[in-house]
Amino acid sequence: MAANWFRQPSILPGFGLTLGFTTFFLSALVLLPLAALVLRTTSMTWADFIDTVLDPRALASYRLSFGAAFIAAIINAVFGFIVAWSLVRYEFPGRRLVDALIDLPFALPTAVSGIALAAVFSPTGWLGLQLQERLGIQVAYTWLGVVVALILIGLPFVVRSVQPALVEAQRDLEEAAETLGAGPFTVFRRIILPAVMPALVTGFTMAFARGVGEYGSVVFISGNLPLKTEITPLLIVIKLEQFDYNGAAALGFVMLLVSFLMLLAINLVQGWSRRRQTGADSRGGRVERRARPRKKTVT
Amino acid sequence: MAGGAPRYEKRQYVAPGVRAGRVALIAISIAFLGLLLIAPLAAVLGQAFAEGLRVFLESFTHADTISAIKLTLLTAAIVVPVNTLFGIAAAWAIAKFEFKGKSLLITLIDLPFAISPVIAGLVFVMLFGSQGWWGQWLQDNDIQVIFAVPGIVMATMFVTFPYVARELIPLMQQQGSEEEEAAITLGANAWTTFLRVTLPKIRWGLIYGVILCNARAMGEFGAVSVVSGHIRGLTTTMPLQVEILYNEYLFVSAFAVASMLALLAIVTLVIKTFVEWRADRRTG
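Keep in mind that this is a model prediction, so the values were computed, not measured.

J.: What is the right way to read the overall build of chain B from this model?
T.: Broken down by element type, chain B carries 13 helices and zero strands. Helices and strands in chain B line up, N terminus first, as α-α-α-α-α-α-α-α-α-α-α-α-α. Across the 284 residues in chain B, those meeting the buried criterion constitute 46%. Sequence separation of 24 or more characterises 75% of the internal contacts of chain B that already satisfy a separation of 6 or more.

And the structure:
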């Protein structure tokens with residue numbers, strides 16, 4: 001049984017059973033396979049590892065995966081904020097429907113969003129045709145297509161992060177600032193932005209992290225040309241199909257490392273926001289957390 | 001939607017400039033979402049029915065498509081209950097007790113969220129693949145894991161692993177343990193306490209976690225794609241079947257299967273909205 005140094009006493013039963021099952025299942029399903037990947041990499045020689053990881057094709061794929069994910073996350077931070085703001089602060093017909101729709105990218109299988117985007121943005125698709133003819137921009141089968149897919153995938157992360165922060169933001173501060181003569185821009189920059197910044201950064205980071213690893217929605221719209229529109233996850237799949245296990249493991253290791261750093265960054269941001277909001281419960285955007293009930297704030 | 005207390009502040013005077021700003025922001029939001037969410041969804045349906053209802057329905061008579069649907073249902077039927085059980089156990093341990101290393105445990109449970117689906121498939125190839133840790137042993141004993149159903153189930157389980165736990169942990173932490181403690185003090189056993197006290201409290205959150213887990217389990221593409229080997233009629237799930245059909249330029253069939261998956265997503269969202277509405281009504 002667990003001793004007292006390990007846990008605080010409680011009269012509730014089931015600690016050993018539930019914690020035991022949790023750690024066992026976590027270890028067997030997640031940690032052990034991840035360890036297999038890491039150990040596979042350590043069995044390579046250093047030179048092999050570097051050669052694989054810094055191969056021009058690999059470098060081009062990092063540039064695309066990280067670059068497109070970064071651009072998409074920036075766009076999502078801007079538009080996601082506007083969407084969250086409209087949903088929280090304004091009443092308009094269909095608001096609840098729009099609110100429910102935000103989670104669509106979470107629920108929609110990535111392969112479906114992939115072929116759907118390809119259908120819309122391909123040179124024969126209705127939007128792709130317009131963009132091609134009117135503006136001369138080709139989206140599908142270029143890096144722009146990757147960005148569009150990653151915007152779709154990352155949007156809910158930003159909106160669902162920012163929404164609760166906007167609900168909790170103190171409206172009276174905004175009103176006070178307005179009374180004191182601040183214009184809308186000043187209120188936004190000095191009052192609103194600082195209040196939602198941790199949530200926005202969390203949402204941005206989650207959208208970015210998800211975008212870097214995204215596969216299904218991207219491969220249909222990206223064209224998958226080596227050195228040009230080939231994302232890192234696709235390169236891993238290609239290496240596996242050629243039974244180059246070491247190559248796949250090495251690239252997988254790089255991506256895993258990046259995921260860990262992202263997770264660390266998210267935790268740091270969340271810790272920072274918790275410290276800022278003393279007294280508030282743990283917030284700052286969790287993955288797929290439900291939007292909090294929007295209660296009327298009576299002043 | 002109808003009835004209930006007014007959720008927003010009463011209408012007050014709004015300066016014309018501010019109102020224009022509002023309209024502009026709402027318009028930007030709706031245009032952005034329309035382009036990004038509605039247009040692709042409409043495209044799926046449009047393409048699926050491009051050659052009429054009969055052709056749409058014919059897509060589902062194809063033997064490979066039927067077996068893909070069966071495999072998807074089978075995978076979800078294994079993955080979802082196991083992950084639900086795990087989610088409840090993890091949430092109980094984390095929300096009801098204080099112990100060392102708790103935040104590390106939470107971070108580790110979240111790990112699959114942060115990992116690329118391709119990596120999720122890759123790690124199982126490293127374990128069970130022909131050149132993997134146990135590859136030789138499995139081959140000697142004629143057990144197929146990769147390019148077979150067990151691999152698909154495991155990869156799906158990995159990807160959907162945190163969903164139920166993630167939904168229940170904050171909910172149970174917020175609810176506290178007073179009622180459970182009272183039940184135990186009054187002599188209820190652990191099982192009764194869980195069934196009669198905890199389960200009714202977490203019911204809606206649990207339902208939401210389960211349907212989300214189910215949607216992801218049925219729709220997982222990247223991880224399953226890596227471990228499946230794309231053997232037609234045997235190891236293709238619905239999303240993989242969509243890919244195969246699409247790459248063979250069988251667009252109507254591809255979008256027909258995709259529309260089923262889109263329907264699944266929409267049903268998931270409807271249930272989610274309903275669950276939230278229930279939760280709102282109880283707290284508000």
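From this point, the narrative continues.
J.: How do you make sense of the overall build of chain A when you look at a structure like this?
T.: For chain A, the helix and strand inventory stands at 13 helices and zero strands. Reading chain A from its N terminus to its C terminus gives the helix and strand order α-α-α-α-α-α-α-α-α-α-α-α-α. Referenced to the eigenvectors of the C-alpha coordinate spread, the extents of chain A come out at roughly 70 × 65 × 30 Å. The buried share of chain A, taken over its 299 residues, is 47%. Within chain A, contacts between residues separated by at least 24 positions form 76% of all contacts whose residues are at least 6 apart in sequence.

J.: I keep staring at the interface of chain B and chain A and nothing clicks. Help me out?
T.: Size of an interface: often given as the accessible area lost when the parts come together. The partner chain A presents 80 residues to the 88 residues of chain B that form the contact. The greatest single-element share of the side of chain B that touches chain A, amounting to 16 residues, is contributed by helix α1 (residues 16–48) of chain B. Among the residues making up the side of chain B that touches chain A, the classes are represented as 61 nonpolar, 14 polar and 13 charged.

J.: How should the packing of helix α3 (residues 63–96) of chain B against helix α12 (residues 238–247) of chain B be read in this particular structure?
T.: Helix-helix packing is described using two parameters, namely the angle between the two axes and the distance between the axes. Residues and elements named next belong to chain B. Contact geometry for α3 and α12: axes closest at 8 Å, N-to-C directions at 150°. By the angle class used here, α3 and α12 are roughly antiparallel. Only Met-238, Leu-240 and Gln-241 of α12 make contact with α3, whose side of the interface consists of Asp-64, Thr-65, Ala-68, Ile-69 and Thr-72. Residues that form the contact of α3 with α12 fall into these classes: four nonpolar, three polar and one charged.

J.: Just to check I follow, could you spell out the domain arrangement of chain B for this structure?
T.: All names here are of chain B. The domains assigned to chain B are domain 1 (14–48) and domain 2 (54–283). The distance between the C-alpha centroids of domain 1 and domain 2 comes to 32 Å. With five residues of domain 1 at the interface, the matching set in domain 2 holds eight residues. Here the residues of the side of domain 1 that touches domain 2 are counted per class, giving four nonpolar, one polar and no charged.

J.: Whenever I open this one, the confidence of the model for chain B confuses me. Can you help?
T.: When pLDDT is low, close inspection of the predicted coordinates is not appropriate. Residues and elements named next belong to chain B. Of the residues in chain B, 94% have a pLDDT of 70 or more, and the chain-wide mean is 89. Within the model, the stretch residues 1–6 combines pLDDT values under 50 with one contact to residues more than four positions away or in other chains. What the predictor reports for the complex is a pTM of 0.87 with an ipTM of 0.87.

J.: Help me understand the nonpolar core, please; the structure alone is not making it clear to me.
T.: A general tendency of soluble globular proteins is for nonpolar side chains to be buried together. Core analysis: the biggest nonpolar cluster contains 169 residues, and A:Ile115 and B:Leu122 have the highest contact counts within it. Both domains that meet at this core, namely domain 1 (14–48) and domain 2 (54–283) of chain B, each give it at least three residues.

J.: Just checking my understanding: could you explain the packing of helix α9 (residues 171–179) of chain A against helix α10 (residues 184–213) of chain A for this structure?
T.: Residues and elements named next belong to chain A. At a minimum axis separation of 10 Å, α9 and α10 run at an interaxial angle of 150°. Between α9 and α10, the interaxial angle falls into the category roughly antiparallel. Here the hand of the crossing between α9 and α10 comes out right-handed. Only Val-187, Arg-190, Ile-191 and Ile-192 of α10 make contact with α9, whose side of the interface consists of Leu-173, Glu-174, Ala-177 and Glu-178. Counted by class, the contact of α9 with α10 contains five nonpolar, no polar and three charged residues.

J.: Even after reading the chapter, I still don't get the environment of B:Tyr208, so can you show me in this structure?
T.: Within the secondary structure layout, B:Tyr208 lies in helix α10 (residues 190–219). What makes B:Tyr208 buried here is the crowd of 25 C-beta atoms within 10 Å.

Cut-offs and rules
- Residues numbered from 1 in each chain as written.
- Chains lettered and ligands numbered in written order.
- Predicted model: local features only at pLDDT ≥ 70, side-chain atom pairs only at ≥ 80, totals over all residues.
- Helix = DSSP H or I, 4+ residues; strand = E, 2+ residues; numbered from the N terminus.
- Buried ≥ 20, exposed ≤ 12 C-beta atoms within 10 Å, placed from the backbone.
- Contact = placed C-beta atoms within 7 Å.
- Nonpolar A, V, L, I, M, F, W, Y, C, P; charged D, E, K, R; others polar.
- Axes fitted to C-alpha atoms, helices over the stretch in contact; angles between N-to-C directions.
- Parallel < 35°, antiparallel > 145°, perpendicular 65-115°, else oblique.
- Domains from an automatic or database assignment.
- pLDDT = per-residue confidence, 0-100.
- Core = buried A, V, L, I, M, F, W, Y, C linked by C-beta atoms within 7 Å.
- Left-handed = near helix turned anticlockwise from the far one by under 90°.

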